[in-house]
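Understanding the architecture of this molecule
Residue-level listing of the chains:
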Amino acid sequence: MNRRSFVKLVGAAALLGAVPYSADAASSNGSKGGKGKIDRKALVDRHKITLTQPEALTPLSVGNGEFAFTADVTGLQTFPGFHDGKMLLQTMAQWAWHTSPNENHYKLSDTFNMYDSHGRQTPYPSGNENGGGFGEDSPAAQWLCSNPHKFDLGRLGLLLPQIDGREAKIEDLGDVHQELDLWWGLLTSRFTIAGQSVLVETVSDPTHDVLAVRVTSPLISDGRMGARLHFSYAPADWLHPDDWGQPDRHTTSVSIVKDECRFGRQIDGATDYSARALASMGAAHQTVSQHEHTWTAKGQDSISLVLAFSPDPIEKTKGKVASFDQVKRAAAKHWKTFWSTGGAIDLSESADSRWKELERRIVLSQYQTAINSSGSLPPQETGLVQNSWFGKFHHEMHWWHAAHFPQWGREAMLMRSMDYYRQILPVARETAARIGCKGARWPKMVGPEGRESPNRINPFLTWQQPHPVHFAELIYQAKPTQETLHFFKDIVLESAEFMASFPWWNDERKCYELGPPSVAPYENNFPDRKTSKNPTFDLAHWSWALGIAQLWRERLGMARSEEWDHVRNNFAPLAIHDGIYRETELVDAGHTGHPTMLGALGVAPRTPLVDDAVMQKTLDFVLTKWPRDDMWGWDFPMMAMTAARLGRPDQAIESLFIDTGKNVYLANGHNYQQPILPLYLPGNGGLLFAVAMMAAGWRGAPAGHAPGFPSPDKGWTVRWEGLRPAL
């Protein structure tokens, strides 16, 4: 599928318009715990992001879900070296994918190995079975895993005056005060350098891949300050979407058309894109080198620059580039509407001293998921900030990134990526057929073309399979129409066809089993994938999703499938050891990493497979004995969901505050994990799902206000508006 065709996927959101909050439409529980409507501006303004010194882990971003620009403390990307090894400064878009030359014509079948599946030999793209690591060390697997990969569109920084005859350093900045005003979507950066004050305003257009900046300083007038734009190569690198050391592998052409500088970009003679720059009156453009360009405005008080990026070659770009003021006004209107509609949670009347930190995480997570996780493709784990896994997205993580949007009355933001599933249905069908199954098997780690990335983990995961069904049901609950049913029909029914045909009937045990081969959600059982079976989380979520798919058949006027009912009602019992659920059967996955068995009642709604007493004992074990430093960002909201469904709001709130390195939310709202994952958007999305569920409840939740939060006499007064209950 053509890279540019994915730009059009955002059209799926047309199925759902913006969903404004209505006091009349909200649950009657919404206003309890406080008086009157929530003052939304006061709520958001409490959590404006303010920095008073450079912080390598807290660059700030502006964006719209399709495009994002991440800036250092100058408001631009002036000191990228300061952020190396921390959180990087990039300019990224959903469409910005590059494929390195495939000189050896590698294809997925080059990585196939045969696996025994209950007497049948089935091919899986597992890569090198004899090497170390995960099987990605064969030449074919290496190329297929790293391609396509996301790339940086261009670096925009300040052109600074020299300090004592040398280039300026970030340490030369004084009186730093940077503020991200969430209500208006405006990043304002103030500082001094060379004895002069500087003001930089940075903003992203809400609907286009457009960045607008304005720099005001006496240094502009005397010609010692301006803007610098630099283009890089697009490497097949796990972490970095830019490479500044290969200028001969890409080209930049420049032309001046009326007031615009127009840049045509080509990478490896194959990937084309373009950028147009509109500078303010009186600004002068200079070509420093093929890939580096500057603007100054001597004699002017300020300089503004608007950059419009496009996946099209420069000769095919159309329309006029907006002015800085036009972009600023559009962004202000958009963000005011965003915060004024959908859901809101106000914790300010709580007696528990931790209320403000939780509220901060909630507000900033809404912002970060809006600009990183609401685009036309599922997001990578690091969104549009920087690369991880070559920029590829993980289907099993899409739920964590985006399932919260319908709960918060923002289902249109999830809908943007739903057409992607319809686009890759042919690939998913082919994957299922290759192993002798019906329906569509969704991949694990992919780019926009939907082709699996081969190794000894990816093709064996199954916990992503119910997620599109879960998405469809969440959106149907928001808009229960024939239009919704027909949009998701093939996604739901073909997901279910695979879930009914992949399980194996064990005649001796009289149950259906998942695998072998199988890799459980935490993935650490992958060395034993040939004998592993029955991941706990997968069994429960598959059973629930097959039941939902049956409801969809009825809504569509179809008869229930006897086969589907037989499978979902006869899955293998969940594995129990020492009275607690274990992650998978037969193979001991240990007590480390993600405690994914909790997801069987938490992420997955209630099914007959789960025994509450055993799940409670499992949760108690995880809360008291599980190695906390081994957990990851979405584990904590997952634990909170499980606790809430078990009727333990005390454990739910404590789960969100577990004190460990990967449950940290930085000043910019990002969920830090480790140096190569300085941000982790599944943690933000999981938090939003959990707190909405705790506030608005779920199907079968006990009566009363905010059933997943402790009561006011326990320190928590929860006011909420515009939320929907979880399933």
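Anyway, here's the lowdown on the structure attached to this text. (Residues numbered from 1 in each chain as written. Predicted model: local features only at pLDDT ≥ 70, side-chain atom pairs only at ≥ 80, totals over all residues. Heavy atoms only, no water.)

Time to look at the pairing of strand E18 (residues 284-289). In terms of strand pairing, E18 meets strand E19 (residues 292-296) through 5 bridges, oriented antiparallel. The residue of E19 that forms the bridge with Thr-287 is His-293. A loop of 2 residues connects E18 with E19, the two strands running antiparallel in sequence. (Pairing = 2+ DSSP bridges. Helix = DSSP H or I, 4+ residues; strand = E, 2+ residues; numbered from the N terminus.)

Moving on, we come to the packing of aromatic side chains. Under the definition given, this model contains 34 aromatic pairs. Pairwise contacts between aromatic rings join Trp-97, Phe-393, Tyr-420, Tyr-421, Trp-442 and Phe-471 into one cluster. Lying over the aromatic face of Phe-487, Arg-422 brings its terminal NZ or CZ to 3.9 Å of the ring centre. Across from the ring centre of Trp-564, 4.8 Å away, lies the NZ or CZ of Arg-553, which sits over that ring. (Phe/Tyr/Trp six-rings, centres within 6.5 Å; stacked < 30°, edge-to-face > 60°. Lys NZ or Arg CZ within 6 Å of the ring centre and 35° of its normal.)

Attention now goes to the environment of Gly-704. Counting through the fold element by element, Gly-704 comes out in the loop between helix H19 (681-696) and strand E30 (719-721). Between the C-alpha atom of Gly-704 and that of Ser-374, which follows or precedes it by 330 residues, the distance is 32 Å.

The next subject is the pattern of salt bridges. Under the criterion given, the structure shown has 43 salt bridges. One salt bridge in this structure joins Asp-352 and Arg-354, with 3.0 Å as the shortest N-O distance. For Arg-354, a relative accessible area of 24% puts it in the partly exposed group. Two residues, Asp-419 and Arg-422, come together in a salt bridge whose shortest N-O distance is 2.7 Å. Of this pair, Asp-419 and Arg-422 both sit in helix H10 (residues 418-423), 3 residues apart, which is roughly one turn of the helix. (Salt bridge = Lys/Arg side-chain N within 4 Å of Asp/Glu carboxyl O. Buried < 20%, exposed > 50% of the residue type's maximum accessible area, 1.4 Å probe, protein only.)

A word on unusual backbone geometry. A cis amide bond, omega -10°, links Asn-147 with the succeeding residue Pro-148. The residue Pro-148 is located in the loop between helix H3 (139-146) and strand E8 (149-150) in this model. Geometrically, the link from Gly-515 to Pro-516 is a cis peptide bond, its omega value of -5° lying close to zero. Of note, Pro-516 is situated in the loop between strand E25 (511-513) and helix H14 (536-555). Phi at Asp-164 is positive, roughly 55°, even though this residue is not glycine.

The next subject is the environment of His-240. Mapped onto the secondary structure, His-240 falls in the loop between strand E14 (226-230) and strand E15 (250-257). Taking relative accessible area as the criterion, His-240 reaches 29% and is therefore assigned partly exposed. With sequence-adjacent residues up to four places away left out, His-240 is seen in contact with Leu-88, Pro-235 and Asn-387. (Contact = heavy atoms within 4.5 Å.)

Contact geometry of helix H18 (residues 649-656) with H19 gives a least axis separation of 12 Å together with a crossing angle of 155°. In terms of orientation, H18 and H19 fall into the roughly antiparallel class. Considering how the two elements wind past one another, H18 and H19 form a crossing that is left-handed. The residues of H19 that touch H18, namely those facing Ala-652, Ile-653 and Leu-656, are Leu-687, Val-691 and Met-694. Split by residue class, the contact of H18 with H19 holds 6 nonpolar, no polar and no charged. (Axes fitted to C-alpha atoms, helices over the stretch in contact; angles between N-to-C directions. Parallel < 35°, antiparallel > 145°, perpendicular 65-115°, else oblique. Left-handed = near helix turned anticlockwise from the far one by under 90°. Nonpolar A, V, L, I, M, F, W, Y, C, P; charged D, E, K, R; others polar.)

Another point: helix H7 (residues 395-402). Side chains three or four residues apart in an α-helix point the same way, a direct result of the helix having 3.6 residues per turn. A large share of H7 lies buried, amounting to 8 of its 8 residues. Of the residues making up H7, those classed as buried are His-395, Glu-396, Met-397, His-398, Trp-399, Trp-400, His-401 and Ala-402.

The strand order E2-E3-E4 describes an open sheet built from 3 strands, whose pairing is antiparallel. The open sheet has two edge strands, strand E2 (60-63) and strand E4 (91-93), and neither has a second partner. Ignoring strand direction, the axes of neighbouring strands in this sheet form an average angle of 20°. The sheet strands contacting helix H6 (residues 355-372) are E2 and strand E3 (67-71), and the helix crosses E2 at an angle near 55°.

With that settled, the discussion passes to the sheet that holds strand E17 (residues 271-279). Strand order in this open sheet of 9 strands is E1-E10-E11-E12-E13-E20-E17-E16-E15, and the pairing throughout is antiparallel. The open sheet is flanked by strand E1 (49-51) and E15, the only strands paired with a single partner. Each strand of the sheet is rotated relative to its neighbour by a mean of 15°, with strand direction disregarded. With 8 bridges joining them, strand E16 (residues 260-267) and E17 adopt antiparallel strand pairing. Paired with Gly-264 across the two strands is Ser-274, which belongs to E17. Most of the contacts of helix H5 (residues 324-340) go to strand E12 (residues 196-204), to which it runs at about 60°, and overall it touches strand E11 (186-193), E12, strand E13 (210-216) and strand E20 (302-310).

Here we take up the nonpolar core. Of all hydrophobic cores here, the largest spans 204 residues; its most connected members are Leu-156, Ile-193, Leu-358 and Phe-488. Other than its neighbours up to four places away in sequence, Leu-358 contacts Leu-347, Ile-653, Leu-656, Phe-657, Leu-687, Val-691, Phe-709 and Trp-716. Membership of the second largest hydrophobic core comes to 6 residues, among which are Met-87, Leu-666, Tyr-672 and Leu-679. (Core = buried A, V, L, I, M, F, W, Y, C linked by side-chain atoms within 4.5 Å.)

Time to look at the packing of helix H17 (residues 635-645) against H18. A pair of packed helices is characterised by two quantities: the angle between their axes and the separation of those axes. Their axes nearest at 7 Å, the elements H17 and H18 cross at an angle of 175°. As summarised for this structure, H17 and H18 are arranged roughly antiparallel, according to the angle between their axes. Across the interface between the two elements, Phe-636, Pro-637, Met-639, Ala-640, Ala-643 and Ala-644 from H17 touch Gln-651, Ala-652, Ser-655 and Leu-656 from H18. Of the residues assigned to the contact of H17 with H18, the class counts are 8 nonpolar, 2 polar and no charged.

Inspection of the secondary structure puts Asp-650 in helix H18. With 58 residues separating them in the primary sequence, Asp-650 and Gly-708 have C-alpha atoms 8.4 Å apart. A distance of 2.8 Å separates a polar atom in the side chain of Asp-650 from a polar atom in the side chain of Arg-648. (Polar contact = N/O pair within 3.5 Å; in protein donor to acceptor, adjacent residues only side chain to side chain.)

This paragraph deals with the side chain of His-594. Its location among the elements puts His-594 in the loop between strand E27 (580-581) and helix H16 (612-625). Polar side-chain contacts of His-594 include one of 2.6 Å to the side chain of Asp-635. Leave out the neighbours within four places in its chain, and His-594 touches Tyr-522, Glu-583, Trp-626, Trp-632, Trp-634, Asp-635 and Tyr-680.

Of the positions making up helix H11 (residues 425-434), those classed as buried are Leu-425, Ala-428 and Ala-432. Taken down its axis, H11 places every buried residue within 65° of arc, on the same side. Across H11 from its buried face, at more than 90 degrees, point the exposed residues Glu-430 and Ala-433. Where H11 is buried, its residues contact H10 and helix H13 (482-501). (Arc of directions from axis to C-beta.)

So, to be careful, I would describe these as geometric facts and stop short of saying anything about function.
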